[in-house]
Amino acid sequence: MCARLLLSLIWLALAGLWGSTAAGERAALDALVRAYPDQLVGYDSVDLIWRDGTRMQLSDGRPVKSFAETLRHGSLLDQLRLPYPAGATGAVPGPDDDPGRIRNRAFFDKMYGDCWKGEVSLRLVPVVWLPRSWGRSIRITSVNGVAEHIAAVSEELDALPDAVKRYAYPPAGTYNCRTVADTGGPSMHSWGVAIDINAARADYWLWHGSGVIDAGLVNRIPPEIVAVFERHGFIWGGKWSHYDTMHFEYRPELLDGDRPRESVSFQPAAQR
Ligand SMILES: [Zn+2]
């Protein structure tokens, strides 16, 4: 009798766990579909479904991978796992807490093109960066309205006090067909959706040596600048344990207020 009761309790606990796992997974996927309405229409238990009918597998069937492996070969679900702490939280990221750095290459190649095949540069358009302060053009993708979003960021930054907006120019680069130094995967710059602001006032974990990561975040960028970018769908590299405080990239799916605030665990492959 006791054993049967115990088994029932275990079953109920597991069912509850799977239920909350599925809910977290759905909330993260819903946020992804909401973020890219021009491209995505939905998902089922196996695939993400694009507007043109393309299907992409959500899982690679390997839910347990090292962080280094996940950074290099992240599935669509891996890409959504870590929550991005929007707003001035002041929280110092834990080890390997890099929300946004896990990127599924096939997803972004389909969205913005493969720069090594010359597909990204065709979609770049000029935007004048801080017209009243710097006034020269940067090039950024027109896909997903990213150029309009960066123009709105530029307008708002230009209205900030001189001492604050000085951190935003001259920009250190936007489009650049290159890989990321430590992961070997394409940089968000290679898809034309990222900008590096004034490098002379920024900090990057590789400049300081990895020991600094354990000592906590190094940052000089004013929070007003981060708030403007986040309002328009750009996440900040200053919130990564592998910090890069000049870097902003367009990732509206991570700024959706209804996505899970906790790390999302996904249904085991056998359950889908
Ligand atoms: Zn960058």
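Bear in mind that the values here come from a model prediction, so they are computed numbers and not experimental data.

Conventions we followed
Residues numbered from 1 in each chain as written. Predicted model: local features only at pLDDT ≥ 70, side-chain atom pairs only at ≥ 80, totals over all residues. Heavy atoms only, no water. Donors = N, O, S within 2.8 Å, 3.2 Å for Na, K, Ca; no water. Helix = DSSP H or I, 4+ residues; strand = E, 2+ residues; numbered from the N terminus. Buried < 20%, exposed > 50% of the residue type's maximum accessible area, 1.4 Å probe, protein only. Polar contact = N/O pair within 3.5 Å; in protein donor to acceptor, adjacent residues only side chain to side chain. Contact = heavy atoms within 4.5 Å. Pairing = 2+ DSSP bridges. Axes fitted to C-alpha atoms, helices over the stretch in contact; angles between N-to-C directions. Salt bridge = Lys/Arg side-chain N within 4 Å of Asp/Glu carboxyl O. Expected span 1.5 Å × (residues − 1). Arc of directions from axis to C-beta. Phe/Tyr/Trp six-rings, centres within 6.5 Å; stacked < 30°, edge-to-face > 60°. Lys NZ or Arg CZ within 6 Å of the ring centre and 35° of its normal.

Focus: the coordination of the zinc ion
- The zinc ion binds to the protein through His189 (NE2), Asp196 (OD) and His247 (ND1), with metal-donor distances spanning 2.0 to 2.1 Å.
- One chain supplies every donor to the zinc ion, and in sequence these donors are spaced H-x6-D-x50-H. Placement of the pair is His189 in the loop between helix H6 (162–165) and strand S6 (194–196) and His247 in strand S8 (residues 247–250), with a sequence separation of 58 residues.
- Its relative accessible area of 2% is what places His189 among the buried residues.
- A residue is classified by how much of its surface remains accessible, and His247, at 5% relative accessible area, is buried.

Quick word on the side chain of Ser241
- Inspection of the secondary structure puts Ser241 in the loop between strand S7 (234–236) and S8.
- Reaching out from Ser241, the side chain makes a polar contact with the backbone nitrogen of Asp96 at a distance of 3.2 Å.
- Among the polar contacts made by the side chain of Ser241, one reaches the side chain of Asp98 at a distance of 2.8 Å.

A word on helix H9 (residues 223–231)
- When we look at burial in H9, the residues that qualify are Ile225, Val226, Val228, Phe229 and Glu230.
- On the buried face of H9, the contacting elements are strand S4 (124–129), helix H5 (146–158), H6, S6, S7 and S8.
- One or two residues past the end of H9 sits Gly233, with phi positive at roughly 95°.

Side note on unusual backbone geometry
- Between Tyr169 and Pro170 the backbone carries a cis peptide bond, its omega angle lying at -5°.
- Relative to the helices and strands, Pro170 is located in the loop between H6 and S6.
- Positive phi is not limited to glycine here, since Asn144 has a value of about 60°.
- For Asn144, the position within the fold is in the loop between strand S5 (136–141) and H5.

Comments concerning the sheet that holds strand S2 (residues 47–50)
- Read across the open sheet, the three strands follow the order S1-S2-S3; overall the sheet is antiparallel. Each edge of the sheet is formed by a strand with only one pairing partner; in this case those strands are strand S1 (40–43) and strand S3 (55–57). On average, each strand axis in the sheet is inclined to that of its neighbour by 25°, with strand direction left out of account.
- In this structure, S1 lies alongside S2, joined through three bridges in antiparallel fashion. Pairing of Gly42 across the sheet is with Ile49, part of S2.
- Contacting S1, S2 and S3, helix H4 (residues 105–112) runs over the sheet at an angle of about 5° to S2.

Looking at the pattern of salt bridges
- Here the structure, examined in full by the defined rule, presents 19 salt bridges.
- With a closest N to O distance of 2.8 Å, Glu249 and Arg103 form a salt bridge. Here Arg103 lies in the loop between helix H3 (76–80) and H4 and Glu249 lies in strand S8, a separation of 146 residues in the sequence. Just as Glu249 is buried, Arg103 falls in that class too.
- Through salt bridges with shared partners, a single network forms among Asp60, Lys65, Asp78 and Arg81.

Concerning the sheet that holds S6
- Spatially, three strands are ordered S6-S8-S7 in an open sheet, and the strand pairing comes out antiparallel. Two strands bound the open sheet, and with one partner strand each, they are S6 and S7. Each adjacent strand pair in this sheet contributes to an overall mean axis angle of 20°, direction not counted.
- Two strands pair when backbone bridges link them, and S7 and S8 are joined in this way by three bridges, in the antiparallel orientation.

Observations regarding the environment of Asp158
- With respect to the helices, strands and loops of the structure, Asp158 is situated in helix H5.
- Along the sequence, Asp158 and Trp134 sit 24 residues apart, while their C-alpha atoms lie 9.1 Å from each other.
- Not counting the four nearest positions on each side in its chain, Asp158 is found in contact with Leu130, Pro131, Arg132, Ser133 and Lys165.
- Of the polar contacts made by the side chain of Asp158, one reaches the backbone nitrogen of Arg132; its length is 2.6 Å.

Here's the deal with H5
- With 13 residues, H5 should reach 18 Å at 1.5 Å per residue; the first-to-last C-alpha distance of 18 Å fits that figure.
- For H5, the set of buried residues is Val146, Ala147, Ile150, Val153, Ser154, Leu157 and Asp158. Here the buried residues of H5 occupy an arc of 125° about the axis, which is enough to place them on one side.

Notes on the packing of aromatic side chains
- Taken as a whole, this structure holds 10 aromatic pairs when the rule is applied.
- Ring centres of Phe108 and Tyr112 lie 6.5 Å apart, and the angle between their planes is 5°; on these two criteria the pair is classed as stacked. Here the residue Phe108 and the residue Tyr112 both occupy positions in helix H4, the gap between them amounting to four residues, near one helical turn. Considered together, Phe108 and Tyr112 belong to a single accessibility category, that of buried residues.
- Ring pairing ties together the aromatic residues Tyr36, Trp50, Phe107, Phe108, Tyr112 and Trp191, which thus form one cluster.
- Here the basic side chain of Lys110 rests over the ring of Trp50, its NZ or CZ set 5.2 Å away from the ring centre.

Geometry only, nothing functional implied.
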